[in-house]
Amino acid sequence: MLMETLSRWIGGVNDVLWTYVLVAALLGCAVWFTLRTRGVQFRLLGEMMRVLGESAGSGPKGERHVSSFQAFAVSLASRVGTGNLAGVATAIVVGGPGAVFWMWVMAVIGGASAFIESTLAQVYKTKDGKDFRGGPSYYMEKALGKRWMGVLFSVLLIICFAYGFNGLQSYNMSSALEYYIPGYSESSYPMIVGLILAVGTGLIIFGGVHRIGFITSVMVPIMAGAYLLIGLFTIVTHLPQLPGVLAMILSEAFDVQAIMGGLAGSAVVIGIKRGLFSNEAGMGSAPNAAASASVSHPAKQGMVQVISVFIDTLLICSATAMMLLLSGVQGEAGVLDGIPFVQKAISANVGTWGIHFITASIFAFAFSSLIGNYYYAESNILFIKNNKVLLFVFRCTCLLAVFLGAQADFSLVWNLADITMGCMAIVNIIAILLLGNIALKVLKDYETQKKAGKNPVFKAENVGIKNTDCWK
């Protein structure tokens, strides 16, 4: 009874936080920075694509560096998870097809927030041996002079990503096998799957940031490419229905009667909420990966992270939406939603082999998220205290969360993770609003050098920025 009451209370807090507070804060932040940067996510789109392909081999010969692309892949690995499948399906079931439009809107304007936070992470990153690390905690301490704020952010992120979300990703991978094994959840298979996932994760995370960067830079393009091809195949084979589906998305996105009838469950709020949850723009998670890249100018990695937001929502979430809406399969809350809705829809589109493809996609997406999420958490453990024993113990507890997550639906833990993510986002939003002018100075410096025909190289003193470790 106590657990039920606690779960219900946490669920209620989670609903209020995400439906009202965070939607308003993240949406407002995204609009503000879109205006302040004069739409950097639109103006410099071509430059963003060019920078993405740049190598980071600017250090002394023989040193290894995390490239701009590898840092991009780590952040995309964390963004692209089962939420791109189950989350989109739930959004369509609860908010209707119009929710897809608002997911697109959030990706487009959220790109500005992603640019600001990732640029700040680069400016205030620190050297850790041959590697770089940084993120919101670091710019809270160095730029705002508030270490307590950075520690608070780090604790919230660790609880959320290392334990809550990684346990959830592990559970999603494990539960995807129920289709193939009768009585799966009552058998010993979940424990075996949990053990395999924990061992696989351990082999990567104990290898350090270079192994994480390498694995994600290989896995992410392959899995995302295959998934997008299936989405493209679905669209091509259903071209006659496509105009009708797009018209339905637009018409239901602006259904005033439905919106006024219940704001919390409307296409607007559901779409914005799922879009924010998926692409994480402004939440402070991706900057932890952005800071690890070796680049000649902080704005370069800020621009690369905008591409990550666009790929996550405008491509991968859209691919899921098209698979669902073109299938003719009708989802229903509590009956056919989440992964089962996706499986049934893709089976209707391409045949039963599509179910196996979705299972493989769940494993690929969720495992890459495990790695990306862990990297975020490691950077924040090191911020709190850079100690090898503490790091080893932390890694072991992360693997335990993966192992246990595969065996049970810890909904209470995951609801708590949602709340910590919401609080984490609020702390980050306050910081980037206070520090936004610094990122704007960096952007101006980049554009000035580009106009002069240079390959931009950043020096903090040239723009009046202090307390940087890597840009003197």
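Residues numbered from 1 in each chain as written. Predicted model: local features only at pLDDT ≥ 70, side-chain atom pairs only at ≥ 80, totals over all residues. Heavy atoms only, no water.

Engineer: Just checking my understanding: could you explain the overall build of the protein for this structure?
Structural biologist: Secondary structure summary: the protein contains 19 helices and two strands in total. A buried classification covers 59% of the 472 residues belonging to the protein. If you take every contact in the protein between residues at least 6 apart in sequence, the share linking residues at least 24 apart comes to 82%. Total accessible area on the protein is roughly 18,600 Å²; 67% of this is exposed by carbon and sulfur atoms. (Helix = DSSP H or I, 4+ residues; strand = E, 2+ residues; numbered from the N terminus. Buried < 20%, exposed > 50% of the residue type's maximum accessible area, 1.4 Å probe, protein only. Contact = heavy atoms within 4.5 Å. Areas by Shrake-Rupley, 256 points an atom, 1.4 Å probe, with all protein chains shown as cover.)

Engineer: Is there a simple way to explain the nonpolar core in this structure?
Structural biologist: Note on soluble globular proteins: their nonpolar side chains tend to be buried together. Counting residues in hydrophobic clusters, the biggest one holds 127 residues, and the most contacted among them are Leu-120, Tyr-139, Tyr-227, Phe-394 and Ile-465. In this view, Tyr-139 contacts Glu-117, Leu-120, Ala-121, Tyr-124, Leu-144, Asn-428, Ala-431, Ile-432 and Leu-435; residues no more than four positions away in its chain are not counted. With 11 residues, the next largest nonpolar core counts Met-173, Tyr-184, Leu-370 and Val-402 among its residues. (Core = buried A, V, L, I, M, F, W, Y, C linked by side-chain atoms within 4.5 Å.)

Engineer: Before we go on, may I ask you to explain the pattern of salt bridges in this structure?
Structural biologist: Between side chains of opposite charge, a pair can form when the charged atoms approach closely. For the structure shown, the criterion picks out seven salt bridges. One salt bridge in this structure joins Glu-447 and Arg-38, with 3.7 Å as the shortest N-O distance. With Glu-447 in helix H19 (residues 411-451) and Arg-38 in the loop between helix H1 (2-36) and helix H2 (40-43), this residue pair connects regions lying 409 residues apart in the sequence. Linking Glu-47 and Arg-50 is a salt bridge whose minimum nitrogen-to-oxygen distance equals 2.8 Å. Taken as a pair, Glu-47 and Arg-50 lie in helix H3 (residues 45-52) at a separation of three residues, close to a single helical turn. We classify Glu-47 as buried; its relative accessible area is 15%. (Salt bridge = Lys/Arg side-chain N within 4 Å of Asp/Glu carboxyl O.)

Engineer: How should unusual backbone geometry be read in this particular structure?
Structural biologist: A negative phi angle is the norm for most residues apart from glycine, just as the trans form is the norm for most peptide bonds. Not every positive phi belongs to a glycine, and Arg-38 is a case in point at roughly 55°. The exposure class of Arg-38 is exposed, given its relative accessible area of 56%. The residue Asn-467 is not glycine, and still its phi comes out positive at about 60°. We classify Asn-467 as exposed; its relative accessible area is 52%.

Engineer: How do you make sense of helix H8 (residues 147-175) when you look at a structure like this?
Structural biologist: Each α-helix winds once per 3.6 residues, and so residues spaced three or four apart point in a common direction. Spanning 29 residues, H8 covers 40 Å between terminal C-alpha atoms, matching the ideal 42 Å at 1.5 Å per step. Considering bend angle alone, the principal kink of H8 is centred on Phe-165 and spans about 30°. (Expected span 1.5 Å × (residues − 1). Bend = angle between axes of the 7 residues up to and from the residue.)

Engineer: Just to check I follow, could you spell out the environment of Ala-345 for this structure?
Structural biologist: Locating Ala-345 in the fold gives a position in helix H16 (residues 338-350). For Ala-345, a relative accessible area of 0% translates into the label buried. Along the chain, Ala-345 and Leu-324 lie 21 residues apart, while their C-alpha atoms are 5.4 Å from each other. For Ala-345, the contacting residues outside a window of four places in its chain are Met-323, Leu-324, Ser-327 and Val-329.

Engineer: Looking at this structure, how should I read the confidence of the model for the protein?
Structural biologist: Detailed reading of the predicted coordinates is not advisable wherever pLDDT is low. Looking at the protein, the pLDDT average stands at 80 and 83% of residues meet or exceed 70. For the protein, per-element mean pLDDT is lowest for helix H12 (residues 256-261), which scores 46, and highest for helix H7 (residues 136-142), which scores 93. When the criterion is pLDDT under 50, residues 55-63 qualifies, and its contacts beyond four places in sequence or with other chains add up to eight contacts. Note on residues 257-265: pLDDT under 50 across the span, and 13 contacts to partners over four residues away in sequence or across chains. (pLDDT = per-residue confidence, 0-100.)

Engineer: It is not clear to me how the environment of Glu-252 should be interpreted in this structure. Could you clarify?
Structural biologist: Looking at where Glu-252 falls in the secondary structure, it is placed in helix H11 (residues 242-253). The class of Glu-252 is partly exposed, set by a relative accessible area of 30%. Between the C-alpha atom of Glu-252 and that of Val-100, which follows or precedes it by 152 residues, the distance is 9.6 Å.

Engineer: What am I meant to see in a nonpolar patch on the surface here?
Structural biologist: A cluster of nonpolar residues, Phe-206, Val-389, Phe-392 and Val-393, forms a patch on the protein surface that exposes about 380 Å² of accessible area. Mapped onto the elements of the fold, Phe-392 is located in helix H18 (residues 388-405). (Patch = residues over 30% accessible without salt bridge, like charges linked within 9 Å, V, L, I, M, F, W, Y side chains within 5 Å.)

Engineer: It is not clear to me how H11 should be interpreted in this structure. Could you clarify?
Structural biologist: The terminal C-alpha atoms of H11 lie 17 Å apart, and with 12 residues this matches the ideal 16 Å at 1.5 Å per residue to within 8%. Leu-242, Val-245, Ile-249 and Ala-253 are the residues of H11 that are buried. One side of H11 carries all its buried residues, which in axial view fall inside an arc of 65°. (Arc of directions from axis to C-beta.)

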